[in-house]
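Single-letter residue listing:
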Amino acid sequence: MTNNPPSSFNNMLIIAMFELRKFLFNTRGIIALVAFSLVWGVLLLYPIQSASAMLLQPNVKDVIDSLFGANTLNVLFEWPVAEMAVFWCFALYLFPMFSILIAADQFSSDKTRGTLRFLTIRTSRDSLLFGRFLGQILIQGLLILLTIIATVALALSRDSQLFLSALSSGALVGLNLIIVILPYTAVMTLLSLYARTARQAMVFATILWTVISIAIMVLGSQSSVLAQLQWVLPGAQLSDMLNTNGLNSLVYAPIPLFQTAAALLLGRIYMQRSSL
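The structure displayed is predicted, hence computed values, not measured ones. (Residues numbered from 1 in each chain as written. Predicted model: local features only at pLDDT ≥ 70, side-chain atom pairs only at ≥ 80, totals over all residues. Heavy atoms only, no water.)

1. Quick notes on the overall build of the protein chain
- Helix and strand counts for the protein chain stand at 11 helices and 0 strands.
- Across the protein chain, helices and strands are ordered from the amino to the carboxyl terminus as α-α-α-α-α-α-α-α-α-α-α.
- Taken over the C-alpha trace, the protein chain has a radius of gyration of 21 Å; the compact-globule value for 276 residues is 19 Å, and the two agree within 12%.
- With the C-alpha coordinates aligned to their principal axes, the bounding extent of the protein chain is approximately 70 × 50 × 35 Å.
- For the protein chain, with 276 residues in total, the buried portion stands at 42%.
- Of the contacts formed within the protein chain by residues at least 6 apart in sequence, a portion of 79% connects residues at least 24 apart.
- Counting every atom, the protein chain has about 14,700 Å² of accessible surface; 68% of that belongs to carbon and sulfur. (Helix = DSSP H or I, 4+ residues; strand = E, 2+ residues; numbered from the N terminus. Rg over C-alpha atoms; globule rule 2.2 N^0.38 Å. Buried < 20%, exposed > 50% of the residue type's maximum accessible area, 1.4 Å probe, protein only. Contact = heavy atoms within 4.5 Å. Areas by Shrake-Rupley, 256 points an atom, 1.4 Å probe, with all protein chains shown as cover.)

2. So, the packing of aromatic side chains
- One pass over the full model with this rule turns up 10 aromatic pairs.
- Consider the rings of F36 and F95, whose centres lie 5.9 Å apart with planes at 50°: the pair is tilted. With F36 in helix 2 (residues 27-55) and F95 in helix 4 (residues 82-102), this residue pair connects regions lying 59 residues apart in the sequence. With respect to burial, F36 and F95 carry one shared label: buried.
- A centroid spacing of 5.4 Å and a plane angle of 55° characterise the contact between W40 and F87, whose relative ring orientation is tilted. In this pair, W40 is assigned in helix 2 and F87 in helix 4, connecting sequence segments 47 residues apart. (Phe/Tyr/Trp six-rings, centres within 6.5 Å; stacked < 30°, edge-to-face > 60°.)

3. With respect to a nonpolar patch on the surface
- On the surface, a cluster of nonpolar side chains totalling about 300 Å² of accessible area is made up of L219, L226, L229 and V232.
- With respect to the element layout, L226 can be found in the loop between helix 9 (198-222) and helix 10 (238-242). (Patch = residues over 30% accessible without salt bridge, like charges linked within 9 Å, V, L, I, M, F, W, Y side chains within 5 Å. Salt bridge = Lys/Arg side-chain N within 4 Å of Asp/Glu carboxyl O.)

4. Some points on the environment of R21
- Position of R21 among the secondary structure elements: in helix 1 (residues 8-25).
- Classification of R21 by relative accessible area gives partly exposed; the value is 43%.

5. Digging into the nonpolar core
- Judged by nonpolar contacts, the single largest core of 58 residues is most densely connected at W40, F87 and F95.
- Among residues more than four places away in sequence, those in contact with F87 are W40, I48, F95, T147, I148, T151, V173 and L177.
- With 7 residues, the next largest nonpolar core counts F107, L128, L129 and M271 among its residues. (Core = buried A, V, L, I, M, F, W, Y, C linked by side-chain atoms within 4.5 Å.)

6. What about the environment of L250?
- As for its placement among the helices and strands, L250 is situated in the loop between helix 10 and helix 11 (254-273).
- For the pair formed by L250 and E83, sequence separation is 167 residues and the distance between their alpha carbons is 20 Å.
- When neighbours within four sequence positions are excluded, L250 is seen to be in contact with L175, N176 and I179.

7. Structural notes on helix 1
- Here helix 1 is 18 residues long and its end C-alpha atoms lie 26 Å apart, about the 26 Å a rise of 1.5 Å per residue gives.
- Listed in full, the buried residues belonging to helix 1 are N11, M12, I15, A16, E19, L20 and F23.
- As for helix 1, its buried residues are in contact with helix 2 and helix 7 (125-158). (Expected span 1.5 Å × (residues − 1).)

8. Side note on the pattern of salt bridges
- Applying the stated criterion to the full structure yields 6 salt bridges.
- For E19, the salt bridge is made with R132, and the minimal N-O distance between the two is 3.4 Å. Highlighted residues: E19 in helix 1 and R132 in helix 7, separated in sequence by 113 residues. The burial state of E19 is the same as that of R132; both residues are buried.
- Where E83 meets R158, a salt bridge forms, and the shortest distance between an N and an O atom there is 2.6 Å. Of the two residues, E83 sits in helix 4 while R158 sits in helix 7, which places them 75 residues apart along the sequence.
- Overall, E83 belongs to the buried group, its relative accessible area being 3%.

Take a look at the structure:
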């Protein structure tokens with residue numbers, strides 16, 4: 001009786017789990033995890049805790065309304081857990097930045113060393129592409145989970161009766177953050193296929209975001225129709241998501257999902273046609 005070779009889907013899952021294990025047990029991954037924990041530990045203990053305490057003050061809403069407008073950040077005061085509301089404001093912008101840093105070396109190092117071509121002999125290019133992308137999402141999902149657990153613990157240290165509210169808010173925040181980082185990770189998948197080093201991939205990402213942002217701003221000033229091109233750039237919806245709560249945040253989910261599909265499609269085309 002002969003054993004059937006693993007399917008492309010199984011290969012993709014194996015590669016994704018390998019990427020996660022490599023991050024957790026590799027020296028560089030452990031250092032990155034420690035650094036990440038220290039950064040978020042400082043954020044939670046100082047700005048997030050202090051800001052959440054201010055958010056509970058009745059007169060703070062009037063001050064914020066006078067500074068930013070009556071409907072700019074009003075929904076933040078409707079969150080059932082103040083700590084989670086402040087965490088949402090920080091995480092919505094910081095995790096995309098972390099995503100660019102963490103996902104910059106998906107293929108560049110292997111391509112430079114010449115091991116990427118060897119890997120494609122062992123598995124299909126699709127399995128390698130989507131497996132590594134999924135692995136990066138698992139890694140970042142783990143980091144998101146750890147920070148949410150820490151935020152829930154921070155809220156419970158203030159009021160233990162917030163347990164269920166903190167859990168439900170944390171689950172929705174986690175789901176939204178994973179959706180938000182999808183296009184950033186997909187774009188870095190594409191750029192790491194082209195770049196020779198992780199640093200070069202991050203430079204390409206900086207140039208890409210800067211050039212496209214300026215182009216969209218210029219075109220948008222010429223025509224309101226061309227202004228809609230802003231939705232091509234990952235993160236265009238973040239400012240709108242900031243003043244949302246609960247399931248309302250998922251209204252913006254189709255935007256990053258479409259951006260992710262487009263970036264992965266371009267990455268697949270490049271990988272299939274490249275000599276590596």
